[in-house]
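# Reading the structure
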Amino acid sequence: MTHGSDLGILKDKLANARSITVLTGAGISADSGVPTFRGTDGLWRNFRAEDLATPDAFTRDPRLVWEWYNWRRELIATKQPNAAHQAIVELERRCPRFWLITQNVDGLHRAAGSRRLSEIHGNIWMVRCTACGHVSESHEVPIQILPLCSLCRNLLRPHIVWFGESLAEEDLRRSYTALQSSDVCLIIGTSGMVYPAAGFASIAKEAGAFVAEINLDPTPQSALVDMSLQGRAKDIVPLLLEPC
Ligand code: BV8
Ligand code: ZN
């Protein structure tokens, strides 16, 4: 259960904030039934995300990597945004200077109606040609394995940032701009293990933001943030929008 007074303080800060930045991770989608990466349900056929979400794994065995993404696409296709996703859409509506940075590739923030966002690790419903670089949407479930580019017939890959790959310059620029100019920064449902996103809370803090973490468990950021609310995102985030 969360702490009434902390909730009141955070609600007040959000209500008076001129700019708000939100960073989300897999924990916000857990309440929609999407497995997190490092939770007990995070494994697939005894592989870990770090083993499959890499360029080397794809070069070595594109079929295995596509089978993993197809499994996730089939699963995510049956899931809906939850109350936490919707509360973030409402926060965006209320605050003129709002930006959402999500590490999630499930597309649930967009499906909920978020528009001012950066999907810094990409989106599972986008594919990119390994030869001509053409990026396109692909919602077919199951996806035909191995999928080929409609323009040049070469192999398609998920348009997702894998371990060892750099994030898009534009996403990084937009994220740093938001983090460095926010009054309040919410860190929701991330274990704070994957960089550069794991460094975002301290960037916001150093720039003077009030940083609050909402997470089921303590994380490496818990010691760094101004406030840590422990519980499920779907229960806590909507409370932040209730009248003070
Ligand atoms: C890069 C796509 C430059 C795949 C993903 C220092 C600087 C720079 C890079 C590094 C560095 N140190 C190490 C690196 C390399 C690496 C890295 O960080 N490795 C880690 C493992 C140490 N970083 C990179 O490679 C990045 N690239 O920086 O480029 C560069 C290039 C080469 C060399 C150096 C630098 C690229 C990282 C992106 C990787 N791609 N995803 C896919 O999804 O298919 S990351 C993957 O992990 C997901 O995107 C996921 O979002 C992300 C983070 O995980 P979380 O979202 O936090 O999920 P997790 O399961 O871990 O935690 C869930 C949390 O929710 C838990 O705390 C749980 O308690 C909580 N929770 C659960 N239920 C609920 C809840 N909370 C609230 N409510 C609930 N109901
Ligand atoms: Zn192509």
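Residues numbered from 1 in each chain as written. Chains lettered and ligands numbered in written order. Predicted model: local features only at pLDDT ≥ 70, side-chain atom pairs only at ≥ 80, totals over all residues. Heavy atoms only, no water.

### What to know about the overall build of the protein chain
Heads up, the condition is: Starting at the N terminus, helices and strands are each numbered in turn, a helix being any DSSP run of H or I of at least four residues and a strand any DSSP run of E of at least two. We compute the radius of gyration over the C-alpha atoms and compare it with the globule rule, which gives 2.2 Å times the number of residues raised to the power 0.38. We call a residue buried when its accessible area falls under 20% of the maximum for its residue type, exposed when it is over 50%, and partly exposed in between, using a 1.4 Å probe and counting protein chains only. The contact criterion used throughout is that any non-hydrogen atoms of two residues lie within 4.5 Å. With residues, only the protein chains shown are counted as cover, and all accessible areas are computed by Shrake-Rupley using a 1.4 Å probe. A residue counts as positive if it is Lys or Arg and as negative if it is Asp or Glu; His and the chain ends are not included. In this description, the location of a charge corresponds to atom NZ of lysine, CZ of arginine, CG of aspartate or CD of glutamate.
In terms of helices and strands, the protein chain carries 10 helices and nine strands. In terms of overall dimensions, the protein chain is globule-like: its C-alpha atoms have a radius of gyration of 18 Å, near the 18 Å expected for 244 residues. C-alpha atoms of the protein chain, sized along the principal axes, occupy 55 × 35 × 30 Å. Across the 244 residues that make up the protein chain, the buried fraction comes to 50%. A sequence separation of at least 24 residues applies to 67% of the contacts in the protein chain between residues at least 6 apart. Accessible surface, the protein chain as shown: approximately 11,300 Å² in total, 52% of it carbon and sulfur. Once the 25 positive and 27 negative side-chain charges of the protein chain are each reduced to a mean point, those two points are 3 Å apart.

### Focus: the pattern of salt bridges
Where we set the bar: A pair is scored as a salt bridge if a Lys or Arg side-chain nitrogen falls within 4 Å of a carboxyl oxygen belonging to Asp or Glu.
Counted by the stated rule, this structure contains 11 salt bridges. Residues Lys234 and Asp235 are paired through a salt bridge, measuring 3.0 Å at the closest nitrogen-oxygen approach. We classify Lys234 as partly exposed; its relative accessible area is 33%. Residue classification places Asp235 among the partly exposed positions, given a relative accessible area of 40%. Each of Arg48, Glu50 and Asp51 takes part in a single network of salt bridges with overlapping partners.

### Re the sheet that holds strand 5 (residues 135-137)
Going by this rule: A pair of strands counts as paired when DSSP detects no fewer than two bridges linking them. Here the axes come from fitting lines to C-alpha atoms, over the contacting stretch only for helices, and the angles between their N-to-C directions go from 0 to 180 degrees.
Spatial ordering of the open sheet is given by 5-4-6, a layout of three strands whose pairing is antiparallel. At either margin of the open sheet sits one strand with a lone partner, and together these are strand 5 and strand 6 (156-160). Each strand of the sheet is rotated relative to its neighbour by a mean of 45 degrees, with strand direction disregarded. In terms of strand pairing, strand 4 (residues 122-129) meets strand 6 through four bridges, oriented antiparallel. In the sheet register, Arg128 faces strand 6, and the bridge partner there is Arg157. Of the strands in this sheet, strand 4 and strand 6 touch helix 5 (residues 62-76), which is tilted by about 140 degrees from strand 4.

### Topic: the sheet that holds strand 3 (residues 117-119)
The six strands are arranged 3-2-1-7-8-9 in an open sheet whose pairing can be described as parallel. Strands at the two margins of the open sheet, each flanked by one partner only, are strand 3 and strand 9 (227-230). Sheet twist, expressed as the mean angle between neighbouring strand axes with direction ignored, is 15 degrees. Sheet topology places strand 7 (residues 184-188) next to strand 8 (residues 210-215); five bridges connect them, and they run parallel. Residue Cys185 lies in a different strand from strand 8, and its bridge partner there is Val211. Sheet strands touched by helix 1 (residues 4-15): strand 1 (19-24), strand 7, strand 8 and strand 9. Its angle to strand 9, the strand with the most contacts, is close to 120 degrees.

### A few points about the domain arrangement of the protein chain
Here is the rule we go by: The domain boundaries here were taken from an automatic or database domain assignment. Computed with a 1.4 Å rolling probe, the buried area is the accessible surface lost when two parts are put together, summed over both parts. The term polar contact refers here to a pair of N or O atoms within 3.5 Å; inside protein, the definition further demands a hydrogen-donor-capable atom paired with an acceptor-capable atom, and it admits residues adjacent in sequence only when both atoms are side-chain atoms. Side-chain classes are defined by residue name, with Ala, Val, Leu, Ile, Met, Phe, Trp, Tyr, Cys and Pro counting as nonpolar, Asp, Glu, Lys and Arg as charged, and the others, Gly among them, as polar.
Its domain assignment divides the protein chain into domain 1 (4-33 + 81-121 + 167-241) and domain 2 (35-78 + 123-160). Centre-to-centre separation of domain 1 and domain 2, based on C-alpha positions: 26 Å. Residue-level contacts link 13 residues of domain 1 with 11 residues of domain 2. Each partner contributes to the roughly 850 Å² buried at the junction of domain 1 and domain 2, and carbon and sulfur atoms together form 62% of this total. Interface area lost by domain 1 to domain 2 is led by Ala26, Val105 and Asp106, which between them contribute 46%. Linking domain 1 with domain 2 are two residue pairs in polar contact (both at pLDDT 80 or more). The class makeup of the residues in the side of domain 1 that touches domain 2 is five nonpolar, five polar and three charged.

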